[in-house]
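Structural overview
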Amino acid sequence: MNLILKKSINFGSKRDLVKFEYEHEEGDADDEGVDDDDDDDDDEEEEAQTTRSTVKAKSLSQPSASSSKINQSKAIELKEKELKENHFANGLRSLFKKCRQLVGLFKHSNQLTEQLRDAQKTLHPNRTQTLVLIQDVVVRWNSTFAMISRLLKLYDCVEFVLESNLANKKHREKLLSAPELVNLKIIEELLFPFFNLTVKLSASYFESCSVIAPGLHHLLNKFFKENYDETFKDYLSCRIYESITFYLSKYKILDNQIILAASFLTPKYKRFTFIKDNDKRSEKLGIAQRFIVEKAQEMAKKEQQLNNQTVQKQRKPSNNSIRGIENESAENNSYEQNMLLLIKS
């Protein structure tokens, strides 16, 4: 727009100059030559300005080489991170599959089960009882953790049985490698807090509602990290943290008034120290306190209504009492009549 305005202004100045020279033919020729030179200089300046503006626009529209390199490096890092996460996810699935196959092998063979018992007596003579492997079930709490924990505990016996001469060669191929055993121990370590919390929540001899909020906050604090490293443990911790936050936001468990009130009424948790953020702690404390006050007021109103009803029942005579009063009045009337008859006689 500025270039268009400049061109129109210069064009107007040339037209006025021609008109001025036409009206004054007797003007000096040297001055006219000077004016022509000035016009040529103006045209050159316009062309230089236009070229500078176009170059500037191109430089603004096109990113610099350094910024493009930075974007390319970021894209490469994201791609590598995605590939590594896919590698971890595939490795986790294959590890669970091998564990299930290994446990199922012993579960479907009485001979291998007996050999496993004999191996425990040989390798661990101090144990009071022999153990068996546990198969995980989808509908049972902590079954995956139980399978992994028992497999790690008996893995030396499992390896002893499958590496013996009686075992089939195909069975030996189902044994876990050293890196897989390391990852399996990491999984057991990360799943243990869930096992511990579900055992507390499943208690039948004491109330467990007050444990829900502190237990869930303990899980959040355990698995939260600002920066996760590119390791199998941090990958799994990040996925677990995302799952916890997803389900907590979906079902609003930590905003439940009954759960917060139960924790507030427990002396061990009444200050809500398990919540690190001060603002959130004061917010949850306020929710619990308001809920308890409202429930106390409701109970007081109900108790007052029951007291009023009992008082009204006491004041209102029953049918039996009415009949008794009628009988007494009838007896009194008959007595009075008899006395009058006696007096008259």
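Heads up: the structure comes first, above all this text.
Note on numbering: residues in each chain are counted from 1, in written sequence order. In keeping with the model being predicted, local features are shown solely for residues with a pLDDT of at least 70 and side-chain atom pairs are shown and tallied solely at 80 or more, while totals for entire chains, interfaces and linings include all residues. Only heavy atoms go into the side-chain values, all of them from the structure, while hydrogens and water stay out.

With that out of the way, let us pick up a nonpolar patch on the surface. Like charges within 9 Å and nonpolar side chains (Val, Leu, Ile, Met, Phe, Trp, Tyr) within 5 Å are joined into patches, using only residues over 30% in relative accessible area that form no salt bridge. In this description, accessible areas are obtained by the Shrake-Rupley approach with a 1.4 Å probe, and a residue is regarded as covered only by the protein chains that are shown. Salt bridges are counted wherever a side-chain nitrogen of Lys or Arg sits within 4 Å of a carboxyl oxygen of Asp or Glu. On the surface, a nonpolar cluster with roughly 340 Å² of combined accessible area is contributed by Val-137, Val-138 and Val-139. Helical segments are the DSSP runs of H or I of at least four residues, strand segments are the runs of E of at least two, and each set is numbered from the N terminus. Following the sequence through the fold, Val-137 ends up in the loop between α4 (110–123) and α5 (143–153). Note on classification: 1.4 Å probe, protein chains only; a residue is buried when its accessible area is under 20% of the maximum for its type, exposed when over 50%, partly exposed between these limits. Judged by its relative accessible area of 34%, Val-137 is partly exposed.

So, on to the packing of aromatic side chains. For Phe, Tyr and Trp, where Trp contributes only its six-membered ring, two rings pair if their centres lie within 6.5 Å, and the inter-plane angle classes them as stacked under 30 degrees, edge-to-face over 60, or tilted in between. As enumerated under the stated definition, the model contains 11 aromatic pairs in all. Plain terms: the ring middles of Phe-192 and Phe-195 are 6.2 Å apart, the flat faces sit at 40° to each other, and that makes the pair tilted. With Phe-192 and Phe-195 both in helix α8 (residues 178–201) and three residues apart, the pair spans about one turn of that helix. The exposure class assigned to Phe-192 is partly exposed, which follows from its relative accessible area of 43%. Among the aromatic residues, ring-to-ring pairing joins Phe-88, Phe-232 and Tyr-235 into one connected group.

Bringing the nonpolar core into the picture now. The criterion is simple. A nonpolar core is a set of buried Ala, Val, Leu, Ile, Met, Phe, Trp, Tyr and Cys residues joined through side-chain atoms within 4.5 Å. Core analysis: the largest hydrophobic core is formed by 55 residues, its most contacted members being Phe-106, Leu-133, Leu-151, Val-158, Leu-176, Leu-184 and Ile-187. Take this core: its biggest share by element is 10 residues, from helix α3 (residues 65–107). The contact partners of Ile-187, leaving out residues within four places of it in the chain, are Leu-92, Leu-95, Phe-96, Ile-148, Phe-232 and Leu-236. In what follows, a contact means two residues having at least one pair of non-hydrogen atoms within 4.5 Å.

A complete count under the given rule lists 10 salt bridges for this structure. Put simply, Glu-85 and Arg-239 hold a salt bridge, and the shortest N to O gap is 4.0 Å. Taken together, the residues Glu-85 in helix α3 and Arg-239 in helix α10 (residues 232–251) connect sequence positions 154 residues apart. Between Arg-117 and Glu-114 there is a salt bridge, and its shortest N-O distance comes to 3.2 Å. With Arg-117 and Glu-114 both in helix α4, this residue pair falls three residues apart, about one helical turn. Judged by its relative accessible area of 26%, Arg-117 falls in the partly exposed class. Overall, Glu-114 belongs to the partly exposed group, its relative accessible area being 43%. Through salt bridges that share partners, Glu-85, Arg-239 and Glu-242 make up one connected network.

Here the focus is the packing of helix α9 (residues 212–223) against α10. Two elements in contact, α9 and α10, have axes whose closest approach is 9 Å; the angle formed by their N-to-C orientations is 145°. Viewed along their axes, α9 and α10 form a crossing whose handedness is left-handed. Across the interface between the two elements, Leu-216, Leu-219, Leu-220 and Phe-223 from α9 touch Ser-237, Ile-240, Tyr-241, Ile-244, Thr-245 and Leu-248 from α10. Residue type decides the class: Asp, Glu, Lys and Arg count as charged, Ala, Val, Leu, Ile, Met, Phe, Trp, Tyr, Cys and Pro as nonpolar, and the leftover types, Gly among them, as polar. In the contact of α9 with α10, the residues fall into eight nonpolar, two polar and no charged. Fitting a line to C-alpha atoms yields each axis, with helices limited to the stretch in contact; the angle taken between N-to-C directions then spans 0 to 180 degrees. A clockwise turn of the near helix away from the far one marks a right-handed crossing, whereas an anticlockwise turn of less than a right angle marks a left-handed crossing.

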